[in-house]
Amino acid sequence: MLTTAKKLSSVYMKQISLVFSTPSSSPFISSSPFLSFGSSISIFTIPFTNPRGTQFLNLNFQFRTMASHVVGYPRMGPKRELKFALESFWDGKSSSEDLEKVAADLRSSIWKQMAEGGIKYIPSNTFSYYDQVLDTTAMLGAVPPRYSWNGGEIGFDVYFPMARGNDSVPAMEMTKWFDTNYHYIVPELGPDVKFCYAYHKAVNEYKEAKSLGVDTVPVLVGPVSFLLLSKAAKGVEKSFPLLSLIDKILPVYKEVIAELKAAGASWIQFDEPTLVKDLDFHQLGAFSHAYSELEASLSGLNVLIETYFADVPAEAFKTVTALKGVTALGFDLVRGSKTLDLIKSGFPSEKYLFAGVVDGRNIWANDLASSLSTLQALENIVGKDKLVVSTSCSLLHTAVDLVNETKLDEEIKSWLAFAAQKLVEVNALAKALAGQRDEAFFSANAAARTSRKSSPRVTNEAVQKAAASWKGSDHRRATNVSARLEAQQKKLNLPLLPTTTIGSFPQTLELRKVRREYKANKISGEGYVKYITEEISKVVKLQEDLDIDVLVHGEPERNDMVEYFGEQLSGFAFTANGWVQSYGSRCVKPPIIYGDVSRPKPMTVFWSSLAQSMSKRPMKGMLTGPVTILNWSFVRDDQPRFETCYQIALAIKDEVEDLEKAGINVIQIDEAALREGLPLRKSEEAFYLNWAVHSFRITNCGVQDTTQIHTHMCYSNFNDIIHSIIDMDADVITIENSRSDEKLLSIFCEGVKYGAGIGPGVYDIHSPRIPSAEEIAERISKMLAVLDTNILWVNPDCGLKTRKYTEVNPALSNMVAAAKLLRAHLASTK
């Protein structure tokens, strides 16, 4: 009978409680039991006979599901398998079938890993060949006309040109996904877009998982967030109300939903992360309208609305909890801790709560005891059967698997959890909530946290004292930027529209191999210096041959603009395979900031001085700024982020001053991630911008007027922080511009005065497309219409590391030709 009972309850039963109500110690169970079921307790009442007469045995089975969920999972693979498959396909070295095979193997392994790890709600359609927003654009058939799509199922021949461009058409705009280092492809929409169901990936992946024996939760970018993350297409008024398209895209969503239902899906997840932003009444109303319109189509499905990255504002919480046809709500309870108060003040009794207590943005091991306490408090509010343990957001933003880190310091390794380990944490918390706490796992977790807190390698009192002394006052250069630019021009003697590049030059396979072999002690230090010196010499000669005005050394010694510096700073640890997707096939390996940061010795002076000795033209010293090092690292969570940032700023300050002493007169301090770190709520922006801008100014406040300080920013919407950018007080800023249809220039058209040098990028380096000199000249002319001639610089959008020399040489040649053409034109019109 017990075997039969276990079979009956095998899907649900996670905890069994047997209550024997009999005076006999040796019962005989009859073969005709009477079964009565309760709601959360199932009671099997079994008659049996013994010498004392008929008695009854009550078996109480407590049905507690160990409900666990993951918002999303990394796509690249533990060894970047998808990256290499994509790049091989793009280079024409492999077929689409080869690419699809690698992708299918990755998806299969991810789904099986989650299933075997005890995750109940396993996501599908979080895999992407490039970007999930681009996938949604394709699903809706919203292909810009320049890609010459003629209908039918969208394939790689249309999909990849939208993402990357090609020889004849530019790519779509790329910008940061909220406040992460992940980039998404921005949909281009207008009143004339004809939406249609053109990319069946969501349904195909659900079926694929099901054929492997895994029932998944298909994930779609929600319809309202999709529109709010879009932009008006070229030729459409910028004021065009994108939400007016909601009733045009919902029919496609209904088709997708119908196909998922027909395929057997029981759950569907809509990611609506824009709910954490400051939305107005009209925008919030779009959510109510959209899900009301979808209600009939969603009938029969369990519907999860997932939010992440911040607190949900009170009005948005009120809106989302009232959405029709919605079964469950997911919240980030790591970055959105204030949402807990809203839940406590009133959560709908009929809905499930997917509680994001495991951090999807950082790699520190979860505080299991604290998370369990939070979950138990929530359990008392929403009910035992309505609570699901989840990640705070997709694990896309973490490294894949700590198992692959065989050389990482064991003590530091014990403090960490990558995506694979976070699955274990989610499941452990769900089991503990159901009364099956793994005491050994919880004890090991507590011991690791104690170890981290007490480790002497974490704290450096001298560093903390130095950083604290810089918090209170306003550090900046004593002379205003106009006077500095005049002094710098006398020293540098640059032409009008001076040309430069952002820093890096192509990193060839041979160069990467040499760096790997040097790191593995297969090449001597002398041999390595000789090779890198030759590489720098080639880059310097190439720039001189192209007649570029301010040179760079090409950064051949650097693996990554953050990792390279972190390796030379105290308080940082590094992984071998801790890769995280940035965009497309591009992956970064964020350093881990585990302790107080300082600079033991100069980091770049040797190479910069060597490069300057090879040319009489100005050579830029290339540094990564403190805010970018912070935002592109996995940052310690045991002190405020701004304290860590001030520590990094002081380390970079030391480097800037050493470069100046070595005779480097132009120093670029990249702050590519300044905008990325901007909080998602306006009420928190001023505090962030204050300490972020202050950190940058600390790095260069002590240099002479004749030393020219550059900075660079890329792929974000800067218009709303332009005054903070001006307040950085850099002498020259180079900034992404070409891929966003000169969006940056609109602020100058609107009257913003900018007196420092500025180089809005003249061509997109993330596309293999080579622009003509005429096209670049036209772009520069647009800039000259709103910017003073004497402050405008000519440069690409970003560094050239990911490009090939066959692309770089002609593109830079055309860029210089365009600058010379306009100089001649300006001279003739004077």
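Definitions and limits used
- Residues numbered from 1 in each chain as written.
- Predicted model: local features only at pLDDT ≥ 70, side-chain atom pairs only at ≥ 80, totals over all residues.
- Heavy atoms only, no water.
- Helix = DSSP H or I, 4+ residues; strand = E, 2+ residues; numbered from the N terminus.
- Buried < 20%, exposed > 50% of the residue type's maximum accessible area, 1.4 Å probe, protein only.
- Contact = heavy atoms within 4.5 Å.
- Areas by Shrake-Rupley, 256 points an atom, 1.4 Å probe, with all protein chains shown as cover.
- Pairing = 2+ DSSP bridges.
- Axes fitted to C-alpha atoms, helices over the stretch in contact; angles between N-to-C directions.
- Core = buried A, V, L, I, M, F, W, Y, C linked by side-chain atoms within 4.5 Å.
- Parallel < 35°, antiparallel > 145°, perpendicular 65-115°, else oblique.
- Nonpolar A, V, L, I, M, F, W, Y, C, P; charged D, E, K, R; others polar.
- Expected span 1.5 Å × (residues − 1).
- Salt bridge = Lys/Arg side-chain N within 4 Å of Asp/Glu carboxyl O.
- Phe/Tyr/Trp six-rings, centres within 6.5 Å; stacked < 30°, edge-to-face > 60°.
- Lys NZ or Arg CZ within 6 Å of the ring centre and 35° of its normal.
- pLDDT = per-residue confidence, 0-100.

Colleague: Give me the lowdown on the overall build of the chain, citing residues and values where you can.
Modeller: Counting secondary structure elements, the chain contains 28 helices and 25 strands. Expressed as a percentage of the 830 residues in the chain, the buried residues total 60%. Long-range pairs, those at least 24 residues apart, make up 78% of the contacts in the chain between residues at least 6 apart in sequence. Carbon and sulfur atoms make up 52% of the accessible area of the chain, which amounts to about 32,500 Å² in all.

Colleague: Which residues make up the sheet that holds strand β13 (residues 302–306), and what values go with them?
Modeller: Think of a sheet as strands paired side by side through backbone hydrogen bonds, with each pair either parallel or antiparallel. Sheet architecture is open: 7 strands sit in the order β6-β10-β12-β13-β14-β15-β16, paired in parallel fashion. Bordering the open sheet on either side are β6 (122–124) and β16 (387–391), each of which pairs with just one other strand. Averaged over all pairs of adjacent strands, the angle between strand axes in this sheet comes to 30°, irrespective of strand direction. Sheet strands in contact with helix α3 (residues 96–116) are β6 and β10 (216–221), and its direction is about 165° off that of β6. Along the sheet, helix α12 (residues 368–382) contacts β15 (352–358) and β16; its crossing angle with β15, the most-contacted strand, is approximately 170°.

Colleague: I'd love a proper account of the nonpolar core, names of residues and values included.
Modeller: Within the largest apolar cluster, 133 residues are counted, with the highest numbers of intra-cluster contacts made by Y129, F270, I305 and F331. It is helix α8 (residues 246–263) that provides the largest number of residues to this core, a total of 9 residues. Setting aside chain neighbours within four positions, we find I305 in contact with F270, E272, L275, Y291, V320, L323, V326, A328, L329 and G330. In terms of nonpolar packing, the next biggest core, distinct from the first, is built from 100 residues, A467, L497, F565 and L822 among them.

Colleague: Explain unusual backbone geometry residue by residue, including any values.
Modeller: Phi is positive for F178, close to 55°, though the residue is something other than glycine. By secondary structure assignment, the location of F178 is in the loop between β7 (174–176) and β8 (183–185). Taking the relative accessible area as the measure of exposure, F178 reaches 11% and is therefore buried. Of note in the backbone geometry, N521 takes a positive phi value of approximately 60° without being a glycine. Residue placement: N521 occurs in the loop between α18 (509–519) and α19 (525–546). Judged by its relative accessible area of 71%, N521 falls in the exposed class.

Colleague: Go over the packing of helix α2 (residues 81–90) against helix α5 (residues 156–164) with me, naming the residues and quoting the values.
Modeller: With their axes 13 Å apart at the nearest point, α2 and α5 run at an angle of 105° to one another. One finds that α2 runs roughly perpendicular with respect to α5. Packed against α2, whose contacting residues are L86, F89 and W90, the element α5 presents F156, F160 and R164 at the interface. Of the residues contributing to the contact of α2 with α5, the split by class is 5 nonpolar, no polar and 1 charged.

Colleague: Which residues make up helix α14 (residues 419–433), and what values go with them?
Modeller: With 15 residues, α14 should cover 21 Å at 1.5 Å per step; its first-to-last C-alpha distance of 21 Å lies within 8% of that length. Positive phi appears at G435, one or two residues downstream of α14, with a value of about 90°.

Colleague: Lay out the environment of N404 with the relevant residues and their values.
Modeller: With respect to the helices, strands and loops of the structure, N404 is situated in the loop between β16 and α13 (410–413). The sequence separation of N404 and K79 amounts to 325 residues, and the corresponding C-alpha distance is 8.7 Å. Discounting residues that sit within four places of it in the chain, N404 has contacts with P78, K79 and N577.

Colleague: Lay out the pattern of salt bridges in plain terms, naming residues and giving numbers.
Modeller: Summed over all chains, the structure comprises 40 salt bridges. One salt bridge in this structure joins R449 and D367, with 3.5 Å as the shortest N-O distance. Linking R449 in helix α15 (residues 439–454) with D367 in the loop between β15 and α12, this pair joins segments that are 82 residues apart in sequence. Notably, a salt bridge pairs D560 with R586, separated by 3.9 Å at the nearest N-O pair. In this pair, D560 is assigned in the loop between α19 and α20 (563–566) and R586 in strand β19 (residues 586–588), connecting sequence segments 26 residues apart. With relative accessibility at 10%, the residue D560 sits in the buried group. Among the charged side chains, a salt-bridge network with shared partners connects R107, D135, K201, E205 and E208.

Colleague: With reference to specific residues and values, describe the packing of aromatic side chains.
Modeller: If you walk through the whole model with that rule in mind, you get 29 aromatic pairs. Residues W90 and F160 carry aromatic rings whose centres are separated by 5.5 Å and whose planes lie at 85° to one another, so their mutual orientation is edge-to-face. With W90 in helix α2 and F160 in helix α5, the pair connects residues that are 70 residues apart, well separated along the chain. For F160, a relative accessible area of 5% corresponds to the buried category. Ring centres 4.9 Å apart and planes at 65° place the aromatic pair Y121 and W267 in the edge-to-face group. Taken together, the residues span a long stretch of sequence, with Y121 in the loop between α3 and β6 and W267 in strand β12 (residues 267–271) at a distance of 146 residues. Taking the relative accessible area as the measure of exposure, W267 reaches 9% and is therefore buried. The lysine or arginine in question, R80, covers the ring of W579, its NZ or CZ lying 3.6 Å from the ring centre. Between the NZ or CZ atom of K386 and the centre of the ring of Y352, over which it lies, the distance is 4.6 Å.

Colleague: Go over the pairing of strand β24 (residues 732–735) with me, naming the residues and quoting the values.
Modeller: Remark: a regular strand shows side chains that alternate across the two faces of the sheet. Here β24 shows no split at all, with V732 and T734 on one side and I733 and I735 on the other all buried. Direction of pairing for strand β23 (residues 708–713) relative to β24: parallel, over a ladder of 4 bridges. Bridging from a neighbouring strand, H710 pairs with V732 of β24.

Colleague: How would you sum up the confidence of the model for the chain? Please name residues and give values.
Modeller: Per-residue confidence for the chain gives a mean pLDDT of 90; residues scoring 70 or more make up 90%. Overall, residues 1–63 carries pLDDT values under 50, and its contacts beyond four positions in sequence, including any with other chains, amount to 106 contacts.

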